[in-house]
Amino acid sequence: QALRDQANIAVGYIHLDRGQIQAAKQALKRTSLNGPYANKALLALGWAEWQSNNPRMAQAAWAKLLNGDLSSPITQEALSGVPQALWRLESHTQARKKFIEAIAVYKAQLARLDEVIDQVRTTTWLTGVFNEIGPDEFNLKNIWLRLEIGRAHV
């Protein structure tokens, strides 16, 4: 099922690129809404509806993605798509509110990235990783694992 979903999403994007909107929608609608690729399919379906000049349906598809992981590119794209659709629907007050919410999320994500970059740049963080590794563990695989674990806790 996951492989089929990936294939349908790929076919959907190919059709979108070629301007074959109805074929794109058909492929994307064959994707499972309960599978691991449902969010990618909803995002693409929103773009298909957008290209069909159907902002109400685009907004409906993207709105389902707004409660996802805020660091996900899919969620972030939906955060900017929803207010665009609302604006096109002339729901200017709602669109403005959604734009402001999206900007707040983007600012928070940028601040989080700045924190991670600052931590990575400090020599104490890297020194701490090297101090935890004993002579028997000093190889690239163990160093990489320690770096990944450290990054996950940031």
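Anyway, here's the lowdown on the structure attached to this text. Everything quoted here is computed from the prediction, not taken from an experiment. (Residues numbered from 1 in each chain as written. Predicted model: local features only at pLDDT ≥ 70, side-chain atom pairs only at ≥ 80, totals over all residues. Heavy atoms only, no water.)

**Some words on the pattern of salt bridges**
Here comes step 1: Applying the stated criterion across every chain, the model contains two salt bridges.
Here comes step 2: Measuring nitrogen to oxygen at the nearest pair gives 3.1 Å for the salt bridge that ties E49 to K25. Residue E49 is located in helix α3 (residues 38-51), and its partner K25 is located in helix α2 (residues 21-29); the two are separated by 24 residues in the primary sequence. Taken as a pair, E49 and K25 share a single burial class, namely buried.
Here comes step 3: Note that E101 and K98 form a salt bridge whose closest N and O atoms lie 3.5 Å from each other. In this pair, E101 and K98 are both assigned in helix α6 (residues 92-121), three residues apart and thus about one turn of the helix distant.
Here comes step 4: We classify E101 as partly exposed; its relative accessible area is 32%. (Salt bridge = Lys/Arg side-chain N within 4 Å of Asp/Glu carboxyl O. Helix = DSSP H or I, 4+ residues; strand = E, 2+ residues; numbered from the N terminus. Buried < 20%, exposed > 50% of the residue type's maximum accessible area, 1.4 Å probe, protein only.)

**Overview of the packing of aromatic side chains**
Here comes step 1: Taken as a whole and judged by the stated rule, the model has three aromatic pairs.
Here comes step 2: Among the aromatic side chains, those forming a connected cluster through ring pairs are W47, W50 and W62.
Here comes step 3: A cation over an aromatic ring shows up here: R88 above the ring of W50, its NZ or CZ 3.8 Å from the ring centre. (Phe/Tyr/Trp six-rings, centres within 6.5 Å; stacked < 30°, edge-to-face > 60°. Lys NZ or Arg CZ within 6 Å of the ring centre and 35° of its normal.)

**Thoughts on helix α1 (residues 2-17)**
Here comes step 1: With 16 residues, α1 should cover 22 Å at 1.5 Å per step; its first-to-last C-alpha distance of 23 Å lies within 8% of that length.
Here comes step 2: Lining the buried residues of α1 we find α2 and α3.
Here comes step 3: G19 lies just past α1 and shows a positive phi near 80°. (Expected span 1.5 Å × (residues − 1). Contact = heavy atoms within 4.5 Å.)

**Re the nonpolar core**
Here comes step 1: One finds W62 and L65 to be the most contacted residues of the largest nonpolar core, which totals 17 residues.
Here comes step 2: The set of elements that each furnish at least two residues to this core consists of α3, α4 (55-63), α5 (73-88) and α6.
Here comes step 3: Here this core takes six residues from α5, the largest share from any one element.
Here comes step 4: Beyond its immediate stretch of four places on either side in the chain, L65 contacts N39, L42, L43, I74, T75 and A78.
Here comes step 5: Core analysis: the next-biggest nonpolar cluster, separate from the first, contains 10 residues, I9, L16, A41 and A48 among them. (Core = buried A, V, L, I, M, F, W, Y, C linked by side-chain atoms within 4.5 Å.)

**Details of the packing of α2 against α3**
Here comes step 1: Viewed as axis vectors pointing N to C, α2 and α3 meet at an angle of 160°, and their least axial separation amounts to 9 Å. As the angle between them shows, α2 and α3 are arranged roughly antiparallel. Crossing handedness for the pair α2 and α3: left-handed. Between α2 and α3, the contacting residues are I21, K25, L28 and K29 on the first element and A41, A44, L45, A48, E49 and Q51 on the second. (Axes fitted to C-alpha atoms, helices over the stretch in contact; angles between N-to-C directions. Parallel < 35°, antiparallel > 145°, perpendicular 65-115°, else oblique. Left-handed = near helix turned anticlockwise from the far one by under 90°.)

**Let's talk about α2**
Here comes step 1: Residues I21, A24, K25, A27 and L28 constitute the buried set of α2. Taken end-on, α2 shows its buried residues confined to a sector of 165°, consistent with a single buried face. Counted as exposed and oriented over 90 degrees from the buried face of α2: Q22, Q26 and K29.
Here comes step 2: In this structure, the buried side of α2 is in contact with α1 and α3. (Arc of directions from axis to C-beta.)

**Some points on unusual backbone geometry**
If a residue is not glycine, its phi is most likely negative; likewise, a peptide bond is most likely trans.
Here comes step 1: With a phi angle near 60°, N53 is a residue other than glycine that sits in the positive phi range.
Here comes step 2: Inspection of the secondary structure puts N53 in the loop between α3 and α4.
Here comes step 3: The exposure class of N53 is exposed, given its relative accessible area of 56%.
Here comes step 4: Phi is positive for E90, which is not a glycine, with a value near 65°.

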